[in-house]
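The chain contents come next:
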Amino acid sequence: MRRVSVRGPWRRPLQLSLVSTLQAPDDLRAALNGLLDGLPPTRAAQAVDRLIAAYRGETPTDAPILRDASDVAAYAAYRMPATYAAVRSALAEFRARAGAWAPATHLDVGGGTGAATWAVADAWRQDAHTSTVLDWSEAALTLGRELAAGADSAAVRDTEWRRAPLGGAVRLPESDLVTVSYVLGELDAAARVSVVAEAARAALGAVVIVEPGTPDGYARVIAARDQLLGAGYTVLAPCPHDGGCPMVGTDWCHFAARVNRSSLHRQVKGGSLPYEDEKFSYVAAARFPAAPAAGRVVRHPQIRKGQVLLDLCTRDDGISRGIITKKRHGDLYRAARDADWGNSWPPPSEDA
């Protein structure tokens, strides 16, 4: 495989590989479909617009953004499938490096209505575990409990839902796996440091942190990554190393999970496409012995006649471009054609 150095800006691809659509489980989608019964569509759309503006705001809050049942219902119907897809994607890459490790206990910090808890249950569906969701919004916890009651998974049905403030000093119960998804942006800088430090202390096995795939979300993930490394963790995904991130300047590390749009999505976004790509940044780190992949695909693979161009973050070369050709690489070329943005590289059979 020939490598060439890649420096921004990123070139526009001639042809993009498809992003795999990651559906929420049927039981979760069925539960979400009934949330907005009786709530006028315009009111639901207005609630989602207001809540998105609050979540994207630059001023952290010391109170929950989700204030009442209608807020929670509208936002859950709109956001839970995308949050689930992002967390599930991060967990898939973590599991690929974690070997046979599986959590017996899971803590979802700031879990709201529990999207990450559903994702953990699906990621380790063959392994029994218990989950606890902590959040400061009683309305979110109430709805999360109601949604979970009809879940096929016993781990989701039996989840414990606890109200707890996340601002200021926080004390978390010990758990094998701690997830913190789409939470840090709600907190001020001191509270973010406190929550990540406490997650690092409380996790007996691993911490997975997911944030929006924006420059600010990425910056929060990088700061959390530094804290986890300082606490003795090994980063297993997405990074192929524990060194500094080689993406500098105006670029930032993020990935995408494709999600089918509901009618509410289309109403709020005003778009006609049946899907949207949820952009997210994440870090997954472990206390137990394990090794990251040799490289990670950090942009859409570019498929051209007889060759695939992969923009990679690698253990030894930082950001580089791998050129895999049909003529020279055989099975590796076929694997490259099937590679998605965010996948580890090379594929497992080739990973040294």
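Note that the structure is predicted; figures quoted are calculated from it, not measured. (Residues numbered from 1 in each chain as written. Predicted model: local features only at pLDDT ≥ 70, side-chain atom pairs only at ≥ 80, totals over all residues. Heavy atoms only, no water.)

**Student:** It is not clear to me how the packing of aromatic side chains should be interpreted in this structure. Could you clarify?
**Tutor:** Here the structure, examined in full by the defined rule, presents eight aromatic pairs. Judged by centre distance (6.3 Å) and plane angle (50°), the ring pair of Phe-255 and Phe-280 falls under tilted. Taken as a pair, Phe-255 in strand 8 (residues 255-260) and Phe-280 in strand 9 (residues 275-286) lie far apart in primary sequence, 25 residues in all. Assigned by exposure class, Phe-255 and Phe-280 land together as buried. Residues Phe-280 and Tyr-282 carry aromatic rings whose centres are separated by 5.9 Å and whose planes lie at 35° to one another, so their mutual orientation is tilted. Side by side, Phe-280 and Tyr-282 carry an identical accessibility label, which is buried. An aromatic cluster is present here, built from Phe-94, Trp-101, Trp-124 and Phe-288 joined pairwise through their rings. (Phe/Tyr/Trp six-rings, centres within 6.5 Å; stacked < 30°, edge-to-face > 60°. Helix = DSSP H or I, 4+ residues; strand = E, 2+ residues; numbered from the N terminus. Buried < 20%, exposed > 50% of the residue type's maximum accessible area, 1.4 Å probe, protein only.)

**Student:** Whenever I open this one, the nonpolar core confuses me. Can you help?
**Tutor:** If you look at the biggest cluster of nonpolar residues, it comprises 59 residues, and the most contacted ones within it are Phe-94 and Val-210. Broken down by element, this core gets its largest block of residues, 13 residues, from helix 3 (residues 69-98). Excluding its chain neighbours within four sequence positions, the residues that come into contact with Phe-94 are Trp-101, Trp-124, Ala-206, Leu-236, Ala-237, Ala-284, Ala-285, Ala-286 and Phe-288. Formed by 30 residues, the second largest nonpolar core is a distinct cluster that contains Leu-107, Leu-184, Leu-187 and Ala-199. (Core = buried A, V, L, I, M, F, W, Y, C linked by side-chain atoms within 4.5 Å. Contact = heavy atoms within 4.5 Å.)

**Student:** Before we go on, may I ask you to explain empty space enclosed by the protein in this structure?
**Tutor:** Empty space among the atoms becomes apparent when a probe as large as a water molecule is rolled across them. In this structure the tally under the stated criterion is one cavity of 30 Å³ or more. Taken as a whole, the largest cavity encloses approximately 170 Å³ of empty space. Looking at the largest cavity, it is lined by 20 residues, and the ones nearest its centre are Tyr-218, Pro-238, Cys-239, Cys-245 and Cys-253. If you list the elements that add at least two residues to the lining of the largest cavity, you get helix 8 (215-230) and strand 9. A per-element tally of the lining of the largest cavity places helix 8 first, with four residues. Split into classes, the residues belonging to the lining of the largest cavity amount to 16 nonpolar, two polar and two charged. (1 Å grid on protein atoms, 1.4 Å probe; cavity = no way out; pocket = protein on both sides within 12 Å on 5 of 7 lines; lining within 4 Å. Points joined across faces, edges and corners; volume = space filled by probe spheres on them. Nonpolar A, V, L, I, M, F, W, Y, C, P; charged D, E, K, R; others polar.)

**Student:** Where do I start with the pattern of salt bridges in this structure?
**Tutor:** In a structure, side chains of opposite charge can pair up when their charged atoms sit close to one another. This structure, assessed with the given rule, holds 14 salt bridges. Here Glu-198 makes a salt bridge to Arg-171, at a shortest N to O gap of 3.9 Å. In this pair, Glu-198 is assigned in helix 7 (residues 189-202) and Arg-171 in the loop between strand 4 (160-163) and strand 5 (175-181), connecting sequence segments 27 residues apart. Looking at Arg-171, the relative accessible area reads 64%, which means it is exposed. (Salt bridge = Lys/Arg side-chain N within 4 Å of Asp/Glu carboxyl O.)

Keep in mind these values describe shape, not function.
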